[in-house]
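Take a look at the letters that make up each chain.
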Protein chains: 2
Amino acid sequence: MDTTQERSEAQDLPYNVFAKACPSRGTLEHVTGRWGALALGALHEHGSLRFNELRRRIDGVSEKMLSQTLHALERDGLVHREAQPTNPPRVDYELTTLGREVAERLIGLIHFVEGRMDDVLTARERYDATRGAR
Amino acid sequence: MDTTQERSEAQDLPYNVFAKACPSRGTLEHVTGRWGALALGALHEHGSLRFNELRRRIDGVSEKMLSQTLHALERDGLVHREAQPTNPPRVDYELTTLGREVAERLIGLIHFVEGRMDDVLTARERYDATRGAR
DNA sequence: CGGCATCCAACCGGATACTG
DNA sequence: CAGTATCCGGTTGGATGCCG
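With an unreviewed UniProt entry as reference, chain A is termed Helix-turn-helix domain-containing protein, source organism Streptomyces plumbiresistens.

Colleague: Can you help me understand the interface of chain B and chain A in this one?
Modeller: Counting residues at the interface gives 62 residues for chain B, matched by 63 residues for chain A. Buried surface at the junction of chain B and chain A, summed over both partners, amounts to about 5,900 Å²; 61% is from carbon and sulfur atoms. Applying the counting rule to chain B against chain A returns eight salt bridges. Arg75(B) is the salt-bridge partner of Asp128(A), the closest N and O atoms lying 2.5 Å from each other.

Colleague: Any chance you could explain the side chain of Arg25(A) here in plain terms?
Modeller: Relative to the helices and strands, Arg25(A) is located in helix α1 (residues 23–32). Although Arg25(A) is buried, it makes no salt bridge; Glu29(A) carries the closest opposite charge, 5.1 Å away.

Colleague: What's the story with the protein's contact with DNA strand C in this structure? I'm lost.
Modeller: In the vicinity of DNA strand C there are 18 residues, among which Glu63(A), Ser67(A), Arg81(A), Tyr93(A) and Lys64(B) approach most closely. Taking all atoms of DNA strand C within 4 Å of the protein, the share assigned to sugar and phosphate is 57%. Take Asn52(A): an N or O atom from its side chain is 2.8 Å from a phosphate oxygen of DNA strand C. Taking His71(A), its side chain carries an N or O atom lying 2.9 Å from a phosphate oxygen of DNA strand C. Those elements that provide at least two residues to the surface near DNA strand C are α3 (51–57), α4 (63–75) and β3 (90–95) of chain A together with α4 (63–75) of chain B. A per-element tally of the surface near DNA strand C places α4(A) first, with four residues.

Colleague: What am I meant to see in the relation of the copies chain B and chain A here?
Modeller: Here the two chain copies are tied together by a rotation about an axis and a shift along that axis. Under the fitted operation, chain B is carried onto chain A by 0.0 Å of movement along the axis and a turn of 180 degrees, and the coordinates agree to an RMSD of 0.0 Å. The transformation relating the two chain copies, once decomposed into turn and shift, fits a two-fold axis. Distance from the rotation axis, computed per C-alpha, reaches its smallest value in chain B at Thr32(B): 2.7 Å. A shared interface surface links the copies, since 97% of the contact residues of chain B are contact residues in chain A too.

Colleague: Mind showing me how you'd approach the packing of helix α5 (residues 97–115) of chain A against helix α5 (residues 97–115) of chain B here?
Modeller: Geometrically, a packed helix pair is captured by the angle between its two axes and the distance between the axes. Two elements in contact, α5(A) and α5(B), have axes whose closest approach is 10 Å; the angle formed by their N-to-C orientations is 170 degrees. Considered as vectors, α5(A) and α5(B) are oriented roughly antiparallel to each other. Contacts between α5(A) and α5(B) involve Leu98(A), Glu101(A), Val102(A), Arg105(A), Leu106(A), Gly108(A), Leu109(A) and Phe112(A) from the first element and Leu98(B), Glu101(B), Val102(B), Arg105(B), Leu106(B), Gly108(B), Leu109(B) and Phe112(B) from the second. Here the contact of α5(A) with α5(B) is composed, by residue class, of ten nonpolar, two polar and four charged.

Colleague: What exactly am I supposed to notice about the packing of helix α1 (residues 23–32) of chain B against helix α2 (residues 36–46) of chain B here?
Modeller: All names here are of chain B. Direction vectors running N to C along α1 and α2 enclose 60 degrees, while the axes themselves pass 5 Å from each other. Our classification of the angle between α1 and α2 gives oblique. Contact residues: α1 offers His 30, Val 31 and Thr 32, while α2 offers Gly 36, Ala 37 and Leu 40. Residues of the contact of α1 with α2, tallied by class, amount to three nonpolar, three polar and no charged.

Colleague: What should I look at first to understand the protein's contact with DNA strand D in this one?
Modeller: Around DNA strand D, a shell composed of 17 residues is seen, among which Ser62(A), Lys64(A), Glu63(B), Arg81(B) and Tyr93(B) lie nearest. Counting only the atoms of DNA strand D within 4 Å of the protein, the fraction contributed by sugar and phosphate is 53%. Here a base oxygen of DNA strand D sits 2.4 Å away from a polar atom, N or O, in the side chain of Lys64(A). Between a phosphate oxygen of DNA strand D and a side-chain N or O atom of Tyr93(B), the distance comes to 2.5 Å. Broken down by secondary-structure element, the contributors of at least two residues to the surface near DNA strand D are α4 of chain A together with α3 (51–57), α4 and β3 (90–95) of chain B. If one sorts the elements of the surface near DNA strand D by residue count, α4(B) sits on top with four residues. Grouping the constituent residues of the surface near DNA strand D by class yields seven nonpolar, four polar and six charged.

Thresholds, definitions, all that
Residues numbered from 1 in each chain as written. Chains lettered and ligands numbered in written order. Predicted model: local features only at pLDDT ≥ 70, side-chain atom pairs only at ≥ 80, totals over all residues. Heavy atoms only, no water. Contact = heavy atoms within 4.5 Å. Buried area = accessible area lost by both parts, 1.4 Å probe. Salt bridge = Lys/Arg side-chain N within 4 Å of Asp/Glu carboxyl O. Helix = DSSP H or I, 4+ residues; strand = E, 2+ residues; numbered from the N terminus. Buried < 20%, exposed > 50% of the residue type's maximum accessible area, 1.4 Å probe, protein only. Lys, Arg positive; Asp, Glu negative; His and termini not counted. Near = heavy atom within 4 Å. Polar contact = N/O pair within 3.5 Å; in protein donor to acceptor, adjacent residues only side chain to side chain. Least-squares fit on C-alpha atoms with pLDDT ≥ 70 in both. Axes fitted to C-alpha atoms, helices over the stretch in contact; angles between N-to-C directions. Parallel < 35°, antiparallel > 145°, perpendicular 65-115°, else oblique. Nonpolar A, V, L, I, M, F, W, Y, C, P; charged D, E, K, R; others polar.

This is the structure:
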């Protein structure tokens, strides 16, 4: 039974991420992609961040990739970009309502994975011990 | 300088996906990656699938990528692989308990995104209309 | 500060061929 | 059927330089 608004079984929704041509697949990739997930996560924990604040929070992201990532998320309506014409320029990024809902689910996943990493690492050791020695 | 990864607000978990070197980042990428997310999703909806069944369900995945993806998920302890020494060979894949918990959160995210694609597409049109005409 | 343009290396990933 | 191995083209993504 469903505790939330989305169904757990097959659906007659017009969008299906398992279909190659479905636009939802692209959006899912923006959301779950290497940098997209971290950008949404960081913005969710902070409400609003400037470009370089965001960059510092996401260890390892390049300027180019962060810029690209934010554009994709903005275009999909998940992130709002607010530029102030001051000098030096100041640009703030924050989640939209839709973005916040997506980010909440993402954060749940991220925290769950972080919380189970010991299990994952143990599984890896067992896997490598049995199969890895080649 | 050392990249001291302070967690902004969350608990003092030893793993922090925002840190470049944290192993949780790799696992998150396996889980949310282009094919990892769809493999977990498909297995969650079906319980158990053979290699080519899985391949057919995930429109567009190549044999190589699916194989690679399944290995990574198996190594992380999210997917269980069961090979039967019959002829022709039969190999079943299914989620582990941990994998099922991960998949549930992922599915929630996927269905949410699918359910909001109209909003996303509308946002894209607005974005392209204001900036895109160049 | 907050970007975009360009160059270029790395690797991702598809097609193909082959094996058990 | 369930893969592995190899090739190789396209994309990703880092480094650098420049601009408002």
